[in-house]
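Coordinate analysis (summary)
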Amino acid sequence: AQTVTQSQPEMSVQEAETVTLSCTYDTSESDYYLFWYKQPPSRQMILVIRQEAYKQQNATENRFSVNFQKAAKSFSLKISDSQLGDAAMYFCAYRRANFGNEKLTFGTGTRLTIIP
Amino acid sequence: NAGVTQTPKFRILKIGQSMTLQCTQDMNHNYMYWYRQDPGMGLKLIYYSVGAGITDKGEVPNGYNVSRSTTEDFPLRLELAAPSQTSVYFCASSSTGTSGTFKYNEQFFGPGTRLTVL
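What this report covers is the structure whose coordinates are included nearby. Within every chain, residues take consecutive numbers counted from 1 along the sequence as written. Think of it this way: whatever chain is written first is A, whatever ligand is written first is 1, and the rest follow in order. Given that this is a predicted model, residues contribute local features only at a pLDDT of at least 70 and side-chain atom pairs are listed and counted only at 80 or more, while totals for whole chains, interfaces and linings are drawn from all residues. Only heavy atoms go into the side-chain values, all of them from the structure, while hydrogens and water stay out.

1. Focus on the overall build of chain A
Quick reminder of the rule: Comment: elements are numbered from the N terminus, with helices defined as DSSP H or I runs of at least four residues and strands as E runs of at least two. With C-alpha atoms as the basis for the radius of gyration, the globule rule is written as 2.2 Å multiplied by the number of residues raised to the power 0.38. Every residue pair with non-hydrogen atoms within 4.5 Å of one another is taken to be in contact. When charges are tallied, Lys and Arg are placed among the positive residues and Asp and Glu among the negative ones, while His and the ends of the chain are skipped. For this purpose, a charge sits on NZ of Lys, CZ of Arg, CG of Asp or CD of Glu.
When its secondary structure is counted, chain A shows zero helices and twelve strands. Walking chain A from its N terminus toward its C terminus, one meets helices and strands in the order β-β-β-β-β-β-β-β-β-β-β-β. Whereas a compact globule of 116 residues would reach a radius of gyration of roughly 13 Å, chain A reaches 14 Å, a difference of no more than 12%. Here the contacts in chain A between residues at least 6 apart in sequence split such that 55% fall between residues at least 24 apart. Side-chain charges in chain A split into 12 positive and 11 negative, and the spacing between the mean points of these groups amounts to 5 Å.

2. Notes on the packing of aromatic side chains
All names here are of chain A. Just so we agree on the cut-off: The criterion for an aromatic pair is that two Phe, Tyr or Trp rings (for Trp, the six-membered ring) have centres within 6.5 Å, with stacked assigned to planes under 30 degrees apart, edge-to-face to planes over 60 apart and tilted to the rest. Using a 1.4 Å probe on the protein chains alone, a residue whose accessible area is under 20% of its type maximum counts as buried, one over 50% counts as exposed, and one in between counts as partly exposed.
Applying the stated criterion across every chain yields a total of 16 aromatic pairs over all chains. Geometrically, the ring pair formed by F91 and F106 is edge-to-face, given 6.4 Å between the ring centres and 85° between the ring planes. Remark: F106 occurs in strand β11 (residues 105-106) and F91 occurs in strand β10 (residues 88-96); sequence separation between them is 15 residues. F106 carries the same exposure label as F91, and that label is buried.

3. Side note on the environment of A:V19
Residues and elements named next belong to chain A. With respect to the helices and strands, V19 occurs in strand β3 (residues 19-21). Of the residues examined, V19 reaches a relative accessible area of 5% and is grouped as buried. Sequence-wise, V19 and T105 are 86 residues apart; in three dimensions their C-alpha atoms are separated by 24 Å. For V19, the contacting residues outside a window of four places in its chain are M11, V13, L77, K78, I79, S82 and L112.

4. Some remarks on the nonpolar core
Residues and elements named next belong to chain A. Where we set the bar: Joining through side-chain atoms within 4.5 Å is the link that ties buried Ala, Val, Leu, Ile, Met, Phe, Trp, Tyr and Cys residues into a set, and such a set is a nonpolar core.
Membership of the largest hydrophobic core comes to 25 residues, with the highest contact counts inside it found for Y25, W36, F75, L77 and Y90. Breaking this core down by element, the ones donating at least two residues are β3, β5 (32-39), β6 (46-52), β8 (64-69), β9 (74-79), β10 and β12 (110-115). Among the elements that take part in this core, β10 stands out by supplying four residues, more than any other. Those residues in contact with Y25, other than ones at most four positions away along the chain, are T3, V4, Y32, L34, F68, Q69, K70, K73, S74, F75 and Y94.

5. Details of the interface of chain A and chain B
Keep this limit in mind: Two parts placed together each lose some accessible area; with a 1.4 Å probe, that loss summed over both constitutes the buried area. Should a side-chain nitrogen of Lys or Arg be within 4 Å of a carboxyl oxygen of Asp or Glu, the pair is scored as a salt bridge. In this count, Pro and Cys sit with the nonpolar residues alongside Ala, Val, Leu, Ile, Met, Phe, Trp and Tyr, while Asp, Glu, Lys and Arg are called charged and the others, Gly among them, polar.
Contacts between the two partners involve 23 residues from chain A, matched on the other side by 30 residues from chain B. Here chain A meets chain B over a buried area of about 2,200 Å², counting both sides, of which 58% is carbon and sulfur. For the pair chain A and chain B, the interface holds one salt bridge. Across the pair A:K103 and B:E59 runs a salt bridge, and its minimum N-O distance is 4.0 Å. Per-element tally for the side of chain A that touches chain B: the top contributor is β5(A), with four residues. Taken together, the residues that form the side of chain A that touches chain B break down as ten nonpolar, eight polar and five charged.

6. Here we look at unusual backbone geometry
The residue after B:T7, namely B:P8, is reached through a cis peptide bond having omega -5°. Within the secondary structure, B:P8 sits in the loop between β1 (4-7) and β2 (10-13). The backbone of A:N62 sits at a positive phi, close to 55°, despite the residue not being glycine. Looking at the secondary structure, you find A:N62 in the loop between β7 (60-61) and β8. A relative accessible area of 76% means that A:N62 is categorised as exposed. The residue A:K73 is not glycine, and still its phi comes out positive at about 55°. Mapped onto the fold, A:K73 is located in the loop between β8 and β9.

7. A look at the layout of surface pockets
Short version of the rule: A 1.4 Å probe that fits but cannot get out identifies a cavity on a 1 Å grid over protein atoms alone, an open set with protein on both sides within 12 Å along at least five of seven lines counts as a pocket, and a residue lines either if it has an atom within 4 Å of a point. Grid points are joined across faces, edges and corners, and a volume is the space filled by probe spheres set on the points.
By volume, the largest pocket is sized at about 450 Å³. Along the wall of the largest pocket there are 25 residues; nearest its centre are A:Q39, A:M89, A:R111, B:Q37 and B:G40. Contributing elements (two or more residues each) for the lining of the largest pocket: β10 and β12 of chain A together with β9 (87-94) and β11 (113-117) of chain B. Its residues placed into classes, the lining of the largest pocket shows twelve nonpolar, nine polar and four charged. Of the voids in this model, the second largest pocket is the one considered here, and its volume is about 170 Å³. Around the second largest pocket, the lining comprises 13 residues; the ones closest to its centre are A:V4, A:T105, A:F106, B:K44 and B:E59. Within the residue set of the lining of the second largest pocket, elements represented by two or more residues are β1 (3-5) and β11 of chain A together with β5 (43-51) of chain B.

Right, here's the structure in full:
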């Protein structure tokens with residue numbers, strides 16, 4: 001079974017600084033997707049960024065980027081120029097890349113606090 | 001488009017009571033899912049459906065039932081509520097690619113239902 005581990009229950013960063021959230025996963029599959037979701041106090045799950053395992057290039061979305069290390073099964077999220085609106089729970093998630101199996105497996109989350 | 005909507009937003013149940021959590025999507029997605037999120041934890045899959053009339057169990061299906069009579073609706077039924085079912089419940093939907101190919105499609109989440117069983 002696939003597992004996703006987030007070892008940092010809480011992180012904090014000064015506004016405008018950079019922070020990195022860690023995620024490791026375990027799978028025997030060679031093709032899969034990895035995601036970072038943001039959950040603000042409103043509870044809404046918001047997709048931040050995704051990475052296809054077969055792509056070596058790390059995904060980037062504006063201030064958000066990932067460091068995907070397939071051999072190490074590591075998938076960290078870097079937030080640059082942190083803003084107050086980035087404060088939220090962040091979940092790492094995994095999904096096999098086969099047709100008809102869309103289940104997401106989530107980590108336990110990291111609570112990110114932005115210090116003004 | 002309203003996306004994925006869930007009702008109610010909040011509910012308190014007594015032990016042994018029953019209720020149905022409603023989920024509707026207006027994006028014509030064929031896949032729909034129910035997740036639960038316990039305090040301090042990530043989401044876990046309860047049930048999912050690949051289309052009208054087809055449902056299957058996820059990681060934590062015990063104590064729940066689902067049905068999918070239409071593409072739009074995917075209700076989750078709790079028959080005998082227990083304190084262990086106190087959680088936030090999320091419904092999500094996604095579409096799939098054409099037959100024989102795989103195309104990633106994002107899961108869109110509803111706003112959640114906070115359920116407390118006392």
